[in-house]
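Coordinate analysis (summary)
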Amino acid sequence: MARLGILHETRYSYARPVGFGAHRLLIRPRDSHAIRISEASLQTSLPGETRWTYDAAGNCVCWFTPRGEADSLTITSRLVIDRFPAPLTSLRIDDPHTVSPIVYAREDRAVLNPFITPATEDEDRVLLRWLRGQMERPDEPAVDFLLRMNRTIHDQFGYHPREEAGVQSPAETIALGNGTCRDFAWLMVEALRRLGYAAVFATGYIHSPGGTVRGAGATHAWCEVFLPDLGWTEFDPTNGLAESPDLIRVAATRTPGEARPVSGTIIGDPGEAHLSVTVEVRLLDALDEAA
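Report on the accompanying structure. Source: prediction; values computed, not measured.

A few points about the overall build of the chain
Assigned secondary structure in the chain consists of 6 helices and 14 strands. In terms of overall size, the chain behaves like a compact globule, its C-alpha atoms giving a radius of gyration of 20 Å where 291 residues would be expected to give roughly 19 Å. Each of the three principal axes of the chain carries a C-alpha extent, and together these read 60 × 50 × 40 Å. Buried positions account for 46% of the 291 residues belonging to the chain. Sequence separation of at least 24 residues holds for 73% of the intrachain contacts in the chain that already meet a minimum separation of 6.

What to know about the pattern of salt bridges
In the structure shown here, the tally under the stated rule is 12 salt bridges. Where Arg-24 meets Asp-55, a salt bridge forms, and the shortest distance between an N and an O atom there is 3.5 Å. One end of the pair, Arg-24, is in strand S1 (residues 2–25); the other, Asp-55, is in the loop between strand S3 (48–54) and strand S4 (60–66), and 31 residues separate them in sequence. Owing to a relative accessible area of 17%, Arg-24 belongs among the buried residues under this scheme. For Asp-55, a relative accessible area of 23% translates into the label partly exposed. Salt-bridge contacts for Arg-83 lead to Glu-234; the nearest nitrogen and oxygen are separated by 3.6 Å. In this pair, Arg-83 sits in strand S5 (residues 70–83) while Glu-234 sits in strand S10 (residues 231–236), placing the two residues 151 residues apart along the sequence. Overall, the relative accessible area of 5% leaves Arg-83 in the buried class. Via salt bridges that share partners, Arg-3, Arg-36 and Asp-82 belong to a single interconnected network.

The rules behind the values
- Residues numbered from 1 in each chain as written.
- Predicted model: local features only at pLDDT ≥ 70, side-chain atom pairs only at ≥ 80, totals over all residues.
- Heavy atoms only, no water.
- Helix = DSSP H or I, 4+ residues; strand = E, 2+ residues; numbered from the N terminus.
- Rg over C-alpha atoms; globule rule 2.2 N^0.38 Å.
- Buried < 20%, exposed > 50% of the residue type's maximum accessible area, 1.4 Å probe, protein only.
- Contact = heavy atoms within 4.5 Å.
- Salt bridge = Lys/Arg side-chain N within 4 Å of Asp/Glu carboxyl O.

Functional significance is not addressed by these values, which are geometric in nature.
This is the structure in C-alpha cells:
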C-alpha cells in the first residue's frame, strides 16, 4: 500500500469579468479495492452550489455553478489516497479466451459492446496498416500482445507535451510520429477496438517517484482493456507500464471528449482568456501523515 497526496489546481483568467454557468468536475477517484480516499477537499475562488453524482459509466462527477461575476476562477482539489496495487505479473491466466482473437462471454459482451465499437473513422486506412504491422502469430496470448503493443507505442513514438486542448486522431499520431499521453492512449484504444477488444480511455494522475515518468505534473491518460479472468486492466503506452501502482484512475470513458477534468460555460465576452493547470502527486511519509 502507498499513501499519496494529490493537488490538482485549475485556474481560468479573463481580460474582462464574466458570469458562469454549470461546470462539470471530473477530478475525484471512486473508492474501490484499488483506491481508498482518506481525505478530500474542494476549494473554489467563487461561492456556488455543488452537487455530486455518478455518470453513466460510474465515474464520480461534481457539478459546480459559481455565483456572481469575476475575471478569474480557481478550482483546487486536494486528496489523500491509499493505493493498493495488483501487479499484472503476479497473475496466472488459465482462461483460453485470453488467446487472440479475444472471446467474451455473452453476458459480458452485452455490457462491453459500446467499448468494442470504434469511435473514429480510418478512411485512408492509416491505422489499419499500422495495426497489421503489429500482428504476429494468431494464437499469441492476449496479455502478451497487449504488453507488446504497449511497449511498441512507447518505443516508436516521440513524446511531445502539448498545452492545446483536444486529442489527435490515431491516424494523425501515426503520421506525425509523436504526441502526448492522451494521443497515445487514444491510439491504443481505437486500435484494439478494431481487433474486437473492449477498451476505454482512462484519465487520472500518475506518481513519478524518480521524476522520470512521462506525463507527471499534469493529468494523465492511458488505456484500459477488459480481459476474461482479469477484468479491466491498465496499459500506459506513454510510459510502457501495465497495472502500475503509480497510476491513479479518476475516470474511464468511451471517448476523450467525455474525460475532460474541468469543463463548463461562461456568460459574456471574456476577451483574452488563459488556462493554467497544476498537478502534484507525492508520496506521504510518516511525518506527513502525522501532520
